[in-house]
Amino acid sequence: MGCKQSKAAGAAPQAQPNHPGVAISGKASNGAPAGPGSENAATRSTTNAHVGKGATSSKTPPLAKRNSSLTSKKSQRSDASTPQPPPQQPKRPSTPQLPHEASLYHYLLGGLTVDDTPTEQVARARTAPFWNEARRLCQSDPSLAAYVDSHTRGTPLHVACSLGSSQIDDVSVADAAVACVHAILEACPEAASKRDGHNHVPLEGIFAGIFTAAKRRRARETKRTADDEDVTEDDDDVDISAPFRFRNPTAHLLLTRDPDSLLLRGKSLYKLVESLPDDTHPPLGPTALFLQILVDLGGATAAGAAAKGAATPSLSGINFDDFAASPEEDDVLALLYRRFVRQFDRSERFFAGDNSREEVVRHRERWKHAAVNTFHVIEWLLRRPRGTSGNIGNDGSKSGDGDNDDNDLLVHNAVRVGACPPDLLRYIVETNLESVAEKDSKGNLPLHYAAGASDADALIVNSGNAPPESYSKFLIDELLYAYPDGAGVPNADGVLPIVLAIESGKKWIGGGVRSLYEAYPAGLEDARLSDDHPIVSAMSFQSDGGDSVVTEMLGGQDDEEGTVHTAMDGGGGRRRKRTHRKKINKDESHDAIMFVQKPDSSVRDVVSTMWANEEDAGVQMLGCASLGRMATEAGSSDKDIASVALLGVTAVVNAMKNHPNEPAVQERACAALAVLAPADGVREVSFAASGAISSVVSAMQAHVSDATVQIEACRALRGIAAKGGAERATMVASVSGFTALINAMGAHPDDGDVQRETCLAMEVLTSFPDAYLPNIAGQAEPFLQAAAENFPDDCLKPAMAVREKLL
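Worth saying up front: this structure is predicted, and the values here are computed from it rather than measured.

Q: Describe the overall build of the protein chain, and please don't skip the residues or the numbers.
A: A count of helices and strands for the protein chain gives 35 helices and eight strands. With 807 residues in all, the protein chain has 51% of them scored as buried. Considering only contacts in the protein chain between residues 6 or more positions apart, those separated by 24 or more positions represent 75%.

Next up, the structure:
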């Protein structure tokens with residue numbers, strides 16, 4: 001259906017509202033820069049030209065002007081009294097009348113114009129009458145909605161979406177603005193798909209308002225930090241209800257008209273999610289509802305599956321590589337899970353005094369709401385995009401009719417997405433254990449999807465950012481730990497997971513085939529391997545009573561039964577057993593060790609390899625060393641270091657939890673955290689919520705006699721506190737960090753390096769007046785005094801500073 005035409009042909013032009021042409025993009029209608037109160041560039045240039053001519057038309061003779069200093073006052077008065085013809089005034093040009101078809105567009109552009117009220121100045125777009133008038137204009141002449149500016153290629157709908165998303169801060173105004181947008185779409189339905197000169201559809205105008213609000217929040221946080229205010233306190237002055245009262249129904253209207261107008265994945269989705277505020281409203285909060293609309297109507301997804309093949313005419317001319325690819329150093333699911341953990345951590349924050357008082361209870365309730373809202377967003381983004389299905393064939397390929405059955409099976413979705421962050425996947429599996437044993441409508445367990453996914457699938461799903469093959473091992477191991485019997489369960493086609501894994505080209509160890517074999521050895525017979533198959537060449541068989549067994553030792557590894565610590569936090573958690581492994585003749589663990597040390601390995605690859613080989617202390621130690629090196633080489637700014645910290649911090653913490661009794665792992669991990677510390681607080685990185693602080697203190701307590709561990713741990717605590725301020729210092733104190741520092745000084749009284757680093761760490765930790773610290777003056781005094789006397793060059797100044805603050 002086309003845009004509606006004018007009700008009466010040749011109707012007289014309506015009177016134009018006297019509003020300046022202010023474009024939301026910062027350009028006037030002719031493309032020139034504009035701002036509040038600016039005029040049309042053509043009018044401005046015409047006016048200036050006329051003023052210029054009038055300035056050169058003077059009736060005062062030039063000679064009289066040159067001799068004015070020699071003329072007496074009397075003669076001046078005489079000359080002045082001589083009648084002169086009146087100077088001709090330059091004609092002021094009249095403002096060109098805007099064409100009638102542009103009246104709605106330019107009226108909306110005037111929304112940033114400020115009106116005076118009895119109490120304040122308010123932009124017109126923040127008032128309901130402004131939007132009511134715009135709706136009246138559109139309904140009186142529907143053809144106005146179809147106008148396209150010749151310079152910006154913008155439409156009234158572009159302006160309305162940008163203006164409403166960035167300006168509205170009142171619920172009643174939001175309702176009026178939504179009614180205006182609805183009128184524009186009724187008049188011109190295809191306006192939802194129109195692209196302006198920047199190739200943006202109107203929906204992206206809503207996103208632009210969200211980006212603007214995010215910049216304002218960051219500016220407030222920066223100011224509060226500069227003013228030494230507690231930036232962790234709740235910001236109750238900012239209510240997100242009103243802006244999303246406009247954004248949510250408007251997005252619904254736009255996506256109902258054209259669900260394929262925008263590719264909602266990859267970098268574009270990441271930027272949008274990163275800009276959303278913490279939603280402390282009871283679930284479902286406004287931001288969660290916003291993402292639900294984008295998923296249900298617009299196909300937003302954390303996967304990138306076959307976006308190019310599903311292109312519609314409204315997506316023509318789009319660079320899919322720019323829009324569909326995920327950021328190299330991060331992805332939207334990892335970002336959201338860090339946010340979820342941070343919000344949950346804030347809900348359990350300890351306050352000085354009575355923690356049962358009303359404001360503390362309210363704080364905790366609000367941040368639990370925020371965490372729940374964030375996890376809802378994670379669940380929705382894990383769903384498959386429109387037009388995909390979940391059938392796994394014998395060759396491991398996906399096929400289907402696009403009906404998206406079983407999209408509510410969370411574990412299945414987390415596996416199918418192709419690269420769910422390891423910490424998020426583990427959390428989903430552990431909190432949904434019953435779903436690991438559940439089949440979908442195609443007869444597949446989550447394990448079937450994990451086994452049948454090929455590298456090609458991963459590249460398609462993740463738009464080029466496929467994890468290394470070791471991720472398959474991690475995925476399969478997690479699912480087998482939760483449901484080991486799944487290895488012997490065939491899918492609807494009668495195919496076992498091990499057969500899918502072998503046929504998809506997975507390796508014996510690195511691809512998880514050995515894990516499947518150990519869980520269900522009989523399944524290998526169904527694979528019907530030829531003698532020259534890579535799996536066969538990776539194994540050495542010997543006949544022992546007719547059974548096939550793997551004979552050679554895994555070089556240099558202790559295969560006896562052991563335990564792996566796999567808690568989500570720093571306070572314990574589940575412990576898993578590794579059964580006695582059969583022996584193989586190809587030590588693929590060496591591949592992992594070499595891989596994490598390769599100079600050209602990416603952060604994502606090193607992190608995935610560490611998670612997949614978390615039982616291998618050598619891989620963990622060298623992986624931590626590599627992440628520390630990468631952070632050092634990345635640069636000195638917080639943003640540079642964050643490129644490693646976004647995925648690296650949780651991998652380092654996981655290594656520390658899995659190998660608490662390995663001093664080499666603890667040493668390298670603490671050294672890596674010290675380098676990564678400046679990224680704390682950047683893009684949801686949290687050294688408190690991730691368990692980094694508690695892990696460092698635990699390392700000091702477990703290896704108090706190891707001077708190197710103590711030195712690196714002290715450096716890590718100093719860096720964390722220097723970046724995080726009073727809140728991080730309080731966190732260190734709450735996990736007995738000061739006790740660990742004092743014990744380090746007592747255990748190494750003659751080691752100058754230990755004494756120096758502990759003094760420097762305590763100096764930073766005690767430098768925040770607002771930190772909630774224990775009374776340790778009596779315990780610390782003799783050690784500080786001894787350090788100052790024994791190592792005056794390194795310890796005198798910091799030790800005296802600490803003593804002064806403590807006493």
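Q: Describe the environment of Gln292, naming the residues involved and giving the relevant values.
A: Assignment of secondary structure puts Gln292 in helix α11 (residues 286-298). Sequence separation between Gln292 and His376 is 84 residues, and the spatial gap between their C-alpha atoms is 8.6 Å. Aside from chain neighbours lying at most four places away, what touches Gln292 is Leu284 and Trp380.

Q: I'd like to hear about the pattern of salt bridges, residue by residue, with values.
A: All told, the structure shown has 31 salt bridges when counted by the stated rule. Here Glu684 and Arg339 are joined by a salt bridge, their closest N and O atoms 2.9 Å apart. Placement of the pair is Glu684 in the loop between α29 (663-676) and α30 (692-702) and Arg339 in helix α13 (residues 332-347), with a sequence separation of 345 residues. Taking relative accessible area as the criterion, Glu684 reaches 15% and is therefore assigned buried. Since its relative accessible area comes to 4%, Arg339 is described here as buried. Note that Lys473 is salt-bridged to Asp477, the shortest N-O span being 3.0 Å. Of this pair, Lys473 and Asp477 both sit in helix α20 (residues 470-482), four residues apart, which is roughly one turn of the helix. Residues joined in a network through salt bridges with shared partners are Glu712, Arg715, Arg718, Asp753, Arg756, Glu757 and Asp794.

Q: Account for the side chain of Arg728, naming residues and giving values.
A: Along the chain, the position of Arg728 falls in helix α31 (residues 707-734). Each residue touching Arg728, except ones within four places of it in the same chain, is listed here: Asp680, Ser686, Phe687, Ala688, Ile693, Ile720 and Ala721.

Q: Lay out the confidence of the model for the protein chain with the relevant residues and their values.
A: The predicted model of the protein chain averages 78 in pLDDT, with 70% of residues at 70 or higher. Of the regions scoring below 50 in pLDDT, residues 6-82 engages in 80 contacts with residues more than four places distant in sequence or in other chains. Confidence over residues 456-464 falls short of pLDDT 50; this stretch has 22 contacts with residues more than four positions distant or in other chains.

Q: With reference to specific residues and values, describe the side chain of Gln343.
A: Inspection of the secondary structure puts Gln343 in helix α13. One polar contact links the side chain of Gln343 to the main-chain amide nitrogen of Ala371, over a distance of 3.5 Å. If we ignore the near neighbours within four places in the chain, the residues touching Gln343 are Asp278, Trp367, Ala370, Ala371 and Thr374.

Q: If you had to explain α30 to someone new, which residues and values would you point to?
A: With eight of 11 residues buried, α30 is to be regarded as a mostly interior element. Where α30 is buried, its residues contact α28 (638-658), α29, α31 and α32 (737-747).

Q: Run through the environment of Leu263, naming residues and quoting values.
A: Here Leu263 lies in the loop between α9 (241-257) and α10 (266-275). A residue is classified by how much of its surface remains accessible, and Leu263, at 6% relative accessible area, is buried. For the pair Leu263 and Gly298, spaced 35 residues apart in the sequence, the C-alpha separation amounts to 8.1 Å.

Q: Tell me what's going on with the packing of α30 against α31, and back it up with residues and numbers.
A: At a closest axis distance of 10 Å, the pairing of α30 and α31 adopts a crossing angle of 145 degrees. Here the hand of the crossing between α30 and α31 comes out left-handed. Where α30 abuts α31, its residues Ile693, Val696, Val697, Ala699 and Met700 lie against Val709, Gln710, Ala713, Cys714, Ala716, Leu717, Ile720, Arg728, Met731 and Val732.

Q: Residues and numbers for unusual backbone geometry, please.
A: The step from Pro283 to Leu284 runs through a cis peptide bond, and the omega angle for that step is -5 degrees. Within the fold, Leu284 resides in the loop between α10 and α11. For Arg683, which is not a glycine, the phi torsion comes out positive at approximately 50 degrees. Examined against the element boundaries, Arg683 turns out to sit in the loop between α29 and α30. Looking at Arg683, the relative accessible area reads 22%, which means it is partly exposed. Backbone geometry at Ser736 places phi at a positive 70 degrees, although glycine is not the residue there. By secondary structure assignment, the location of Ser736 is in the loop between α31 and α32.

Q: Can you lay out the packing of α28 against α30 for me, pointing to particular residues and giving the numbers?
A: For any two helices packed against each other, one specifies the crossing angle of their axes together with the interaxial distance. Across the interface, α28 lies against α30 with an axial gap of 10 Å and an inter-helix angle of 35 degrees. Here the hand of the crossing between α28 and α30 comes out left-handed. For the pair α28 and α30, the contacting residues are Val653, Met656 and Lys657 in the first and Ala692, Ser695, Val696 and Ala699 in the second. A per-class count over the contact of α28 with α30 returns five nonpolar, one polar and one charged.

Q: Before we move on, can you summarise the state of the cysteines with the specific residues and values?
A: Following the criterion strictly, the structure yields zero disulfides and no others. The closest cysteine sulfur to the non-disulfide-bonded Cys624 is located on Cys670, 9.2 Å from its own sulfur.

Q: Describe the packing of aromatic side chains, with residues and values.
A: One pair of aromatic rings is described through two measures. These are the centre distance and the angle between the planes. Considering all chains together, one arrives at 15 aromatic pairs under this definition. Their ring planes at 70 degrees and their centres at 5.7 Å tell us that Phe375 and Tyr427 sit as a pair that is edge-to-face. A residue pair is termed long-range when its members are at least 10 positions apart, and Phe375 in helix α14 (residues 358-381) and Tyr427 in helix α16 (residues 422-431) qualify at 52 residues. Ring pairing ties together the aromatic residues Tyr337, Phe340, Phe344, Phe375 and Tyr427, which thus form one cluster. In this structure, Arg247 is placed above the aromatic ring of Phe244, and the distance from its NZ or CZ to the ring centre is 4.7 Å. Over the ring of Phe211 we find Lys271; its NZ or CZ atom is 4.4 Å from the centre of that ring.

Q: Account for helix α5 (residues 128-140), naming residues and giving values.
A: For α5, with 13 residues, the first-to-last C-alpha span of 18 Å sits near the 18 Å given by 1.5 Å per residue. All of the buried residues in α5 are Phe130, Trp131, Ala134, Leu137 and Cys138. One side of α5 holds all its buried residues, which, seen down the axis, span an arc of 115 degrees. In this structure, the buried side of α5 is in contact with α4 (103-109), α6 (156-167) and α7 (171-187).

About the thresholds
Counting of residues starts from 1 at the beginning of each chain's written sequence and follows it residue by residue. Where local features are concerned, this predicted model is filtered to residues with pLDDT of at least 70; where side-chain atom pairs are given and counted, the filter is 80 or more; whole-chain, interface and lining totals use all residues. Heavy atoms throughout the structure, all of them, feed into the side-chain values; hydrogens and water do not. Helix numbers and strand numbers start at the N terminus; a helix is a DSSP run of H or I with at least 4 residues, a strand a run of E with at least 2. The rule is simple: take the accessible area with a 1.4 Å probe, protein chains only, and divide by the maximum for that residue type; under 20% is buried, over 50% is exposed, in between is partly exposed. It only takes one pair of heavy atoms within 4.5 Å for two residues to be counted as in contact. The working definition used for a salt bridge is a side-chain nitrogen of Lys or Arg within 4 Å of a carboxyl oxygen of Asp or Glu. For every residue, the pLDDT score states the predictor's confidence, bounded by 0 at the bottom and 100 at the top. Distance and chemistry together define a polar contact, namely a pair of N or O atoms within 3.5 Å, with one atom able to donate a hydrogen and the other to accept it when in protein, and with adjacent residues in sequence counting only for side-chain atoms on both sides. Only the contacting stretch of a helix is used when fitting its axis, a line to C-alpha atoms as for every element, and angles between N-to-C directions run 0 to 180 degrees. Crossing handedness follows the turn of the near helix against the far one: under a right angle anticlockwise gives a left-handed crossing, and clockwise gives a right-handed one. Note on residue categories: nonpolar means Ala, Val, Leu, Ile, Met, Phe, Trp, Tyr, Cys or Pro, charged means Asp, Glu, Lys or Arg, and polar means any other residue, Gly included. We call a pair of cysteine sulfur atoms a disulfide when they lie within 2.5 Å. For this analysis, a ring pair means two rings from Phe, Tyr or Trp (six-membered ring only for Trp) whose centres lie within 6.5 Å, classed as stacked if their planes differ by under 30 degrees, edge-to-face if by over 60, and tilted for the remaining angles. Placement of a charge over a ring requires the Lys NZ or Arg CZ to be within 6 Å of the ring centre, with the centre-to-atom vector within 35 degrees of the ring normal. In this scheme, a helix's expected span is set at 1.5 Å multiplied by one less than its residue total. Throughout, the arc means that of the directions going from the helix axis to the C-beta atoms.

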